[in-house]
Amino acid sequence: MPRFRSRLLNAALLAAAVLCVESAAAASYCPDPTHAKPAKIPPELVPAVAKTFALDPGALGAAFVRCSGDKLLGCMVGVNLVCDKADRRRALPGATAWCRENPRANVIPMAATGHATVYEWSCKGARAVAGQALVTVDPQGYIADNWKEVR
């Protein structure tokens, strides 16, 4: 029994050490103002970002990190997820072209508006109309729900 407790204690200490290293790496990365824009994940942050997204480190693929003040944020590009700035324009060339070809369309697909738009789009005749905002934009201009805090 004492041997089991000793192994359990060693495992707990190792896990705590790993967490401290991950936290230290994140703390040293932010709040550097040069890290305010999305960038590829530096090697020392890969374990913490992988843990945030519950993925193996090798499965991160198209993932990015950035700082918001002293917070480290991570984003994974996905089917409808973008890590670039949100598009708040109320006139989009792709949406306008869609409406010219589909003047009775109730909805304009993201293939025409782009995935970074924050609005719901529809056609009024041949004119594209931005409706209500569907997502929240953070103070730095990114779609808030696409970014998770990395701890």
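Owing to the predicted nature of the structure, the values given are computational and were not obtained by experimental measurement.

Q: So what's going on with the pairing of strand S2 (residues 63-68)? Residues and values would help.
A: Both strand S1 (residues 39-40) and S2 contribute to a ladder of two bridges, which runs antiparallel. By the bridge assignment, Lys40 is partnered in S2 with Phe64. Direction of pairing for S2 relative to strand S3 (residues 71-76): antiparallel, over a ladder of six bridges. Considered in S3, the bridge of Phe64 is made with Cys75. Following S2, the chain reverses through two residues before pairing antiparallel with S3; Gly69 in that reversal takes a positive phi of roughly 65°.

Q: Provide a residue-level description of the packing of aromatic side chains, including the pertinent values.
A: Tallied over the entire structure, the rule returns two aromatic pairs. With centroids separated by 6.4 Å and ring planes inclined at 80°, the aromatic side chains of Tyr119 and Trp121 adopt a geometry described as edge-to-face. What makes Tyr119 buried here is its relative accessible area of 15%. Geometrically, the ring pair formed by Tyr142 and Trp147 is edge-to-face, given 5.7 Å between the ring centres and 70° between the ring planes. Above the plane of the ring of Trp147 lies Arg66, whose end atom (NZ or CZ) is 4.4 Å from the centre.

Rules and cut-offs
Residues take numbers from 1 onward in each chain, read along the sequence in its written order. In keeping with the model being predicted, local features are shown solely for residues with a pLDDT of at least 70 and side-chain atom pairs are shown and tallied solely at 80 or more, while totals for entire chains, interfaces and linings include all residues. By convention in this description, side-chain values take in all heavy atoms of the structure and omit both hydrogens and water. We treat two strands as partners when DSSP finds at least two bridges between them. Every helix listed is a DSSP run of H or I at least four residues long, and every strand listed is a run of E at least two residues long, numbered separately from the N terminus. When the centres of two rings from Phe, Tyr and Trp lie within 6.5 Å, Trp using its six-membered ring, the rings pair. Their planes under 30 degrees apart give stacked, over 60 give edge-to-face, and anything left gives tilted. Each residue is assigned to one of three classes by its accessible area relative to the maximum for its type, calculated with a 1.4 Å probe on protein chains only: buried under 20%, partly exposed between the two thresholds, exposed over 50%. The rule for a charge over a ring is simple: NZ of Lys or CZ of Arg within 6 Å of the ring centre, and within 35 degrees of the ring normal.

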